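Observations on chain architecture
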Amino acid sequence: MQRRTALLLAALSVASSIEAPRSRTTALRAAAAPKTNSLPAVAAGGALDAGLAKRLEVGAVFALWYALNVYYNVLNKKVLKVVKLPWLVATAQLAVGGLYSLGVWAAGLRAGPADLGAAVKAALPIAAAHGAGQAATVVSLGAGAVSSTHVIKALEPLFSAAVNAGVNGEVLPLGVYASLLPVIGGVGGAVATDLSFNPLSFAAAMASNLCFAFRAVCSKNAMRAPGSVLAALGAPSLFSVVTLGALLLVAPVALALELPGLSDAVAGVASPGLAASLACSGLFHYLNNEVMYLALARVHPVTLAVGNTLKRVVVILAALVVFQEPMNLATAVGTAVAIAGVLLYSVLKQKLA
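Residues numbered from 1 in each chain as written. Predicted model: local features only at pLDDT ≥ 70, side-chain atom pairs only at ≥ 80, totals over all residues. Heavy atoms only, no water.

A word on the overall build of the chain
- Tallying secondary structure elements over the chain gives 16 helices and zero strands in all.
- Buried positions account for 46% of the 353 residues belonging to the chain.
- Within the chain, residue pairs in contact and separated by at least 24 positions form 89% of the contacts whose partners lie at least 6 positions apart.
- For the chain, the computed accessible surface area is about 15900 Å², with 71% contributed by carbon and sulfur atoms. (Helix = DSSP H or I, 4+ residues; strand = E, 2+ residues; numbered from the N terminus. Buried < 20%, exposed > 50% of the residue type's maximum accessible area, 1.4 Å probe, protein only. Contact = heavy atoms within 4.5 Å. Areas by Shrake-Rupley, 256 points an atom, 1.4 Å probe, with all protein chains shown as cover.)

This is the structure in structure tokens:
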């Protein structure tokens, strides 16, 4: 596990610094290139190289995001099977992310905000959405199967489109919205035939969809706002600030709800690796979301939601293999229809929007 963690941290470092080496390479190539009169051809070649580099960069960030998310979901479910306290587990994971952020800033590996208190205060609306979404996700994963939670969370593009329209007034063509109908129908069919359906898991997953849609849209707006305290941070440090704010908001709720039952919940638990698994799940949760912020800085919020849905296919397959979770044919068909609907939505949005 330590070796895998080190490899993922190294990959994260590479993903975070992709743009700098690319800029140096581009400058050296421009300086060494022979001067010719065929300016249109040179410009076209440069645009082609830049476009390919951009696609490779986004692809690398998304692949790392997917890998981190699979690790997080597997470890998270293993912890929740032993300690059935989802709010405290979510709080512990936020605390690990907060400590990681403070350590990175203290070591000088990344520039932090000049005024941390002011930055956290400015990020409180985003932090509230992130904290509530994290707690709702952990509640859903603890109450039901991992695959069931992620099937329901395939509806996130619908929530993202609605929130983006409500907050930013960005209304897409009717045909784009109509393409979400297969997603709704596919998720509905999968849920209706799911042998492991749990009402609490369903409600919590739906709540997390709404919270994370607000988080994505509001974060994107914060990164775009000229002169904003948050815009000056950059995507990774913005997520650090959001994590610290979420911890401050979620911790009191978690302690009030679950602290009285903590001793009973851990009584008789003989798992020496439990603390390490919880810490690793928090680290993977943080890194997964930090890489998500790197992706958000490069793509539209709705495109991010689409990528998030495709990521769920990978997570669902991993859960089926690791936990042997049951999925009948009707549920599998519904899930496939939902994913196909998301892909259709993505294509139409690019063509029509």
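Quick word on helix α12 (residues 235-258)
- In this model, α12 (24 residues) spans 33 Å end to end at C-alpha, consistent with the 34 Å of a helix rising 1.5 Å per residue.
- Taken as a whole, α12 carries its principal kink of about 30 degrees at V250; the proline P252 stands between one and four residues after it.
- Burial of α12 is extensive: 17 of the 24 residues sit out of reach of the surface. (Expected span 1.5 Å × (residues − 1). Bend = angle between axes of the 7 residues up to and from the residue.)

As for the UniProt feature "transmembrane region" (unreviewed entry) in the chain
- UniProt marks residues 56-75, 87-107, 200-218, 230-253, 265-287, 299-323 and 329-348 with the feature "transmembrane region" (unreviewed entry), using the numbering shown here.
- Across residues 230-253, the secondary structure splits into 79% helix and 0% strand, with the terminal C-alpha atoms separated by 26 Å.
- Helix makes up 100% of residues 329-348 and strand 0%, and the two end C-alpha atoms of the span are 28 Å apart. (UniProt positions renumbered as here; feature names shortened; annotations may be inferred.)

A short note on a nonpolar patch on the surface
- Judged by side-chain polarity, L255, L259, L262 and V266 come together as a nonpolar surface patch covering roughly 300 Å² of accessible area.
- With respect to the helices and strands, L259 occurs in the loop between α12 and α13 (262-266). (Patch = residues over 30% accessible without salt bridge, like charges linked within 9 Å, V, L, I, M, F, W, Y side chains within 5 Å. Salt bridge = Lys/Arg side-chain N within 4 Å of Asp/Glu carboxyl O.)

A short note on the packing of helix α4 (residues 86-106) against α12
- α12 packs onto α4 with a crossing angle of 150 degrees between their chain directions and a minimal axis gap of 8 Å. As for how α4 packs across α12, the hand of that crossing is left-handed. (Axes fitted to C-alpha atoms, helices over the stretch in contact; angles between N-to-C directions. Left-handed = near helix turned anticlockwise from the far one by under 90°.)

A word on the nonpolar core
- Counting 55 residues, the largest nonpolar core has F62, W65, L230, V241, Y293 and L304 as its most contacted members.
- Going through the elements one at a time, α3 (39-82), α4, α5 (116-122), α6 (124-143), α11 (199-224), α12, α14 (274-296) and α15 (301-323) are the ones with two or more residues in this core.
- Counting 19 residues, the second-largest nonpolar core is a separate cluster that includes I152, A154, V176 and A338. (Core = buried A, V, L, I, M, F, W, Y, C linked by side-chain atoms within 4.5 Å.)

Description of the pattern of salt bridges
- As enumerated under the stated definition, the model contains one salt bridge in all.
- Residue R110 is joined to E290 by a salt bridge in which the shortest nitrogen-to-oxygen separation is 3.0 Å. Of this pair, R110 sits in the loop between α4 and α5 while E290 sits in helix α14, and the two are 180 residues apart along the sequence.

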